[in-house]
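Working through the structure, step by step
Below are the chains, spelled out letter by letter.
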Amino acid sequence: MPKSSRLPIACMFSLDEADPISQALSPPQNESEQDKQKRDLRERAAKLASDEIDARLNKERLQIRRTPKPVKILLLGQSESGKSTMLKNFQLMCEPKAFRAERASWRLIIHLNVIRSIRIILDALASTTPSEYSQYTPRSSYASQHSTHSTSTEDLVSDLLPLRARLAPVLELEETLKQRLAARANLAQSQNMAKLSFSGPLNSTIRLRRANQEISVGSSATMQCNDVDDDSARILYERSADLLQLWQNQTVHAVLERRKIRLRESAGFFLDELETVTSLQYVPTDEHILRARLRTLGVSEHRMLLSDPYGGITREFRLYDVGGHRSMRAKWAPYFDDMDAIIFVVPISAFDQVLAEDHNVNRLADSIELWTSIVTNELLQNSNMILLLNKIDILQAKLASGILFADYFPSYGLRPNDYDSVSRYVSKKFNSILQQRSPSPRVFYCRRTNATDAQSTAFVLLGIKDMLMRYNLKESLIL
Ligand SMILES: Nc1nc2c(ncn2[C@@H]2O[C@H](COP(=O)(O)OP(=O)(O)OP(=O)(O)O)[C@@H](O)[C@H]2O)c(=O)[nH]1
Ligand SMILES: [Mg+2]
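Residues numbered from 1 in each chain as written. Chains lettered and ligands numbered in written order. Predicted model: local features only at pLDDT ≥ 70, side-chain atom pairs only at ≥ 80, totals over all residues. Heavy atoms only, no water.

The name an unreviewed UniProt entry gives the chain is Guanine nucleotide binding protein, alpha subunit, with Favolaschia claudopus as the organism.

Take a look at the structure:
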């Protein structure tokens, strides 16, 4: 030990007797024996207190080091692939009470979804000339089973035109509902920015909406249905017979069929349940919430505490949901840093569709291109890649109806046009891109999902959660 360290404390800091610290640390001049003993006692007590504080700080530091890092998951994929629906499934699985507390808020969104479908129908009718109608022979099996209407031009004039006029108040409702929900979203967002609420020690969510859902929902008082919402619901209720008449009209189905508008496969489709969703007592079910369509703008962060059933360890999961529209993809990059996993959602049923933002681009081809850019990204090279081939229910229905996968992907060749072969082919395609293009070797984890089926999706998500929990725990022990 160097000699200087044996010097009295005052000497170690300064030899200058005019220095105020030296003066404060020096024993008083002419100190009596009694005062010296008192001073010694005081100094010993102070040292004891200081040692205790040090010990507590050390313990806390150790605890922080032992607490596993949060597991960070980024949901990626093109618009309408099902990212937000996957997030809803996570919430349903982890915090069902909070999820269900938001039920009432979803009613307005479902009403908006209904109005959107009605607008699509009325727009299609408006752009069809009376002479065109006479050529239509209904072919839809739905139409022939459910319709009570014939297809002549006279019927069109006597039925559809007055119907369109009667439905005008429903269309006017669209703007009112949008504005109301946007206003609430702003209010809820400012509240949520300030509020981090745990509803319990386990399986709870801190909802911190960084931004920008087109319309967001929440269970706060501001998001509850009120009298104004009841007025809108009443308009829909009063027009429900007209809505039903429109949806059951076989000319309508003939027009949609000829224009290749497949409403049943489109997002937020509720026209087959018009009576239920327009009833005054309507409260959305879990399934309806999963099927409701709400476009994401920007990025939102959702935190959940999840427990490991094997080790009883509780981990924080942070899920980031992004808007998948091409114009929003630039906002993803800041979230690439430090992600444990990417859940990449591909709407496999979209093999015969084009992007809403660019009608020259096939949606499945766009997903393949996007996947390539994600797996080759160096910032993400340490993230686990989880591929979800979603919307398998729609894929199955499409293939069964005779739509040929090979018509859109000629490389599929003469393989059977069935669900198993098509999904295996697509999965292999994504895997080969990962194996060939990833900067470092990575395991391919792929699942086929129908995100509107909560039970089967919960099973898939539980597997992902356990896998990530184990992986992340191992990583944090290495650290
Ligand atoms: N039939 C069916 N519909 C699904 C499935 N997954 C999602 N949907 C529906 O597809 C629509 C779009 O899903 P979202 O989860 O909002 O899509 P997104 O990827 O978040 O879209 P953006 O927010 O625009 O990026 C919703 O109406 C969902 O209910 C599925 O597996 N099957
Ligand atoms: Mg979304």
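Let's talk about the site of ligand 1
This is how the line gets drawn: Near is defined per residue: the residue qualifies when any heavy atom it owns lies within 4 Å of the molecule or strand. The term polar contact refers here to a pair of N or O atoms within 3.5 Å; inside protein, the definition further demands a hydrogen-donor-capable atom paired with an acceptor-capable atom, and it admits residues adjacent in sequence only when both atoms are side-chain atoms. For the purposes of this entry, the term helix denotes a DSSP run of H or I that reaches at least four residues, the term strand denotes a run of E that reaches at least two, and both are numbered from the N terminus.
Around ligand 1, the surrounding shell holds 26 residues, and the nearest of these are S79, K83, T85, L290 and G324. Residue E80 places a main-chain N or O atom 2.9 Å away from an oxygen atom belonging to ligand 1. At 3.1 Å, a backbone N or O of K391 approaches an oxygen atom of ligand 1. Those elements giving two or more residues to the shell around ligand 1 turn out to be α4 (83–94), α15 (286–291) and α17 (392–400).

Some details on α17
Because the α-helix completes a turn every 3.6 residues, residues three or four places apart line up on one side. Applied cut-off: The rule is simple: take the accessible area with a 1.4 Å probe, protein chains only, and divide by the maximum for that residue type; under 20% is buried, over 50% is exposed, in between is partly exposed. Note that the arc is defined by the directions from the helix axis to the C-beta atoms. Two residues qualify as a contact provided that any one of their heavy atoms is within 4.5 Å of a heavy atom in the partner residue.
All buried positions along α17 are accounted for by I392, I394, L395, K398 and L399. Take α17 and look down its axis: the buried residues cluster within an arc of 155 degrees, on one side only. On its buried side, α17 packs onto β6 (384–390), α18 (405–408), α19 (419–437) and β7 (444–448). Two residues or fewer after α17 comes G402, characterised by a positive phi angle close to 100 degrees.

Details of the UniProt feature "binding site: Mg(2+)" (unreviewed entry) in the chain
Selection rule: UniProt positions are given in the numbering used here, feature names are shortened, and annotations may be inferred rather than shown by experiment.
UniProt feature "binding site: Mg(2+)" (unreviewed entry): in the numbering of this structure it lies at T296. Assignment of secondary structure puts T296 in the loop between α15 and β3 (299–307). Look at T296 and you get buried, because its relative accessible area is 6%. A distance of 2.8 Å separates polar atoms of two side chains, one belonging to T296 and the other to S84.

Quick notes on the packing of aromatic side chains
Note the following rule: For this analysis, a ring pair means two rings from Phe, Tyr or Trp (six-membered ring only for Trp) whose centres lie within 6.5 Å, classed as stacked if their planes differ by under 30 degrees, edge-to-face if by over 60, and tilted for the remaining angles. Sitting over a ring, as applied to charges here, requires NZ of Lys or CZ of Arg to be within 6 Å of the ring centre and within 35 degrees of the ring normal.
Taken as a whole and assessed by the stated rule, the structure comprises 11 aromatic pairs. Ring-pair connections join several aromatic residues into one group, and the members of that group are F351, F405, Y408, F409, Y412 and Y425. Taking NZ or CZ as reference, K398 lies 5.8 Å from the ring centre of F351, over its face.

Points about the UniProt feature "binding site: GTP" (unreviewed entry) in the chain
Per the UniProt annotation, the sites labelled "binding site: GTP" (unreviewed entry) are L290, R291, A292, R293, L294, R295, T296, N390, K391, I392, D393 and A451. Here D393 is to be found in helix α17. Given the relative accessible area of 33%, D393 is considered partly exposed. Ignoring any residue separated from it by four or fewer positions in sequence, one finds D393 in contact with N450 and T452. Along the chain, A451 falls in the loop between β7 and α20 (454–478). In this structure A451 comes out as buried when scored by relative accessible area, which is 4%. In this view, A451 contacts T85, M86, N89, L290, N390 and T457; residues no more than four positions away in its chain are not counted.

Considering the coordination of the magnesium ion (ligand 2)
Ideal geometry at a metal gives 109.5 degrees between four tetrahedral donors and either 90 or 180 degrees between six octahedral ones. Selection rule: The rule for donors is simple: N, O or S, within 2.8 Å of the metal, or within 3.2 Å if the metal is Na, K or Ca. Water isn't counted, so a site may look like it is missing partners.
Within the protein, S84 (OG) and T296 (OG1) serve as the donor atoms for the magnesium ion (ligand 2), at 2.0 to 2.1 Å. Of the two residues, S84 sits in helix α4 while T296 sits in the loop between α15 and β3, which places them 212 residues apart along the sequence.

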